[in-house]
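Breakdown of the fold
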Amino acid sequence: MLDGEYVGYTKQSESGTDSGITSYHDVRIQIASSTGSKTYFGFLAKAGVTDVEIQTALVGKTINGVKADTVFVTMREVAVGA
């Protein structure tokens, strides 16, 4: 439904654990170009990542055909098990 390239990931092994994770960030992104185009997406980020770090990483990138001239980041912390 969306233009662009996508990557699929498959499970490689059973090793590792997420039992030490107590919280994470639910992140919502709005990207706008100087031409007025916009795109939206969301993801989960580890606790400790800041909105400024995410914004800095995305500015100048092209996502879903929209150059990220302006990036709006909305985050909320979610406690595991809440």
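An account of the accompanying structure is given in this report. If you're wondering where the values come from, they're calculated on a predicted model, not measured in any experiment. (Residues numbered from 1 in each chain as written. Predicted model: local features only at pLDDT ≥ 70, side-chain atom pairs only at ≥ 80, totals over all residues. Heavy atoms only, no water.)

1. As for the overall build of the protein
A count of helices and strands for the protein gives 1 helix and 5 strands. Starting at the N terminus and walking to the C terminus, you meet the elements of the protein as β-β-α-β-β-β. Burial status across the protein gives 23% buried among its 82 residues. In the protein, the share of contacts with a sequence separation of at least 24, taken over all contacts with a separation of at least 6, comes to 57%. For the protein, the accessible area works out to roughly 6400 Å², and carbon and sulfur atoms hold 53% of it. (Helix = DSSP H or I, 4+ residues; strand = E, 2+ residues; numbered from the N terminus. Buried < 20%, exposed > 50% of the residue type's maximum accessible area, 1.4 Å probe, protein only. Contact = heavy atoms within 4.5 Å. Areas by Shrake-Rupley, 256 points an atom, 1.4 Å probe, with all protein chains shown as cover.)

2. A look at the side chain of D26
Among the secondary structure elements, D26 is positioned in strand β1 (residues 23-32). A relative accessible area of 12% means that D26 is categorised as buried. A polar contact is formed between the side chain of D26 and the side chain of R28, at a distance of 3.3 Å. With residues near it in sequence (within four places) discarded, D26 still touches F43, L44, T74, M75, R76 and V78. (Polar contact = N/O pair within 3.5 Å; in protein donor to acceptor, adjacent residues only side chain to side chain.)

3. Regarding the pairing of β1
Of all 10 residues in β1, 7 are buried; the element is thus mostly enclosed. Relative to strand β5 (residues 70-79), β1 runs antiparallel, the two sharing 10 bridges. Counterpart to R28 in the pairing with β5 is T74. In the sheet, β1 pairs with strand β2 (residues 38-46) via 9 bridges, with the strands oriented antiparallel. Each bridged residue has a counterpart across the sheet, and for A32 the counterpart in β2 is K38. Counting the residues that bridge the hairpin from β1 to β2 gives 5 residues, and of these G36 lies at a positive phi of roughly 100 degrees. (Pairing = 2+ DSSP bridges.)

4. Digging into the pattern of salt bridges
Under the defined criterion, the tally for this structure stands at 3 salt bridges. Its salt-bridge partner being R28, residue D26 comes within 3.3 Å of it at the nearest N-O pair. On the basis of relative accessible area, R28 is assigned to the partly exposed category, the value being 47%. With its nearest N and O atoms 3.5 Å apart, the salt bridge here joins K67 to D69. Given the relative accessible area of 42%, K67 is considered partly exposed. Classification of D69 as partly exposed rests on a relative accessible area of 33%. The network of salt bridges with common partners includes D26, R28 and R76. (Salt bridge = Lys/Arg side-chain N within 4 Å of Asp/Glu carboxyl O.)

In short, the description is geometric, and any link to function would need to be established separately.
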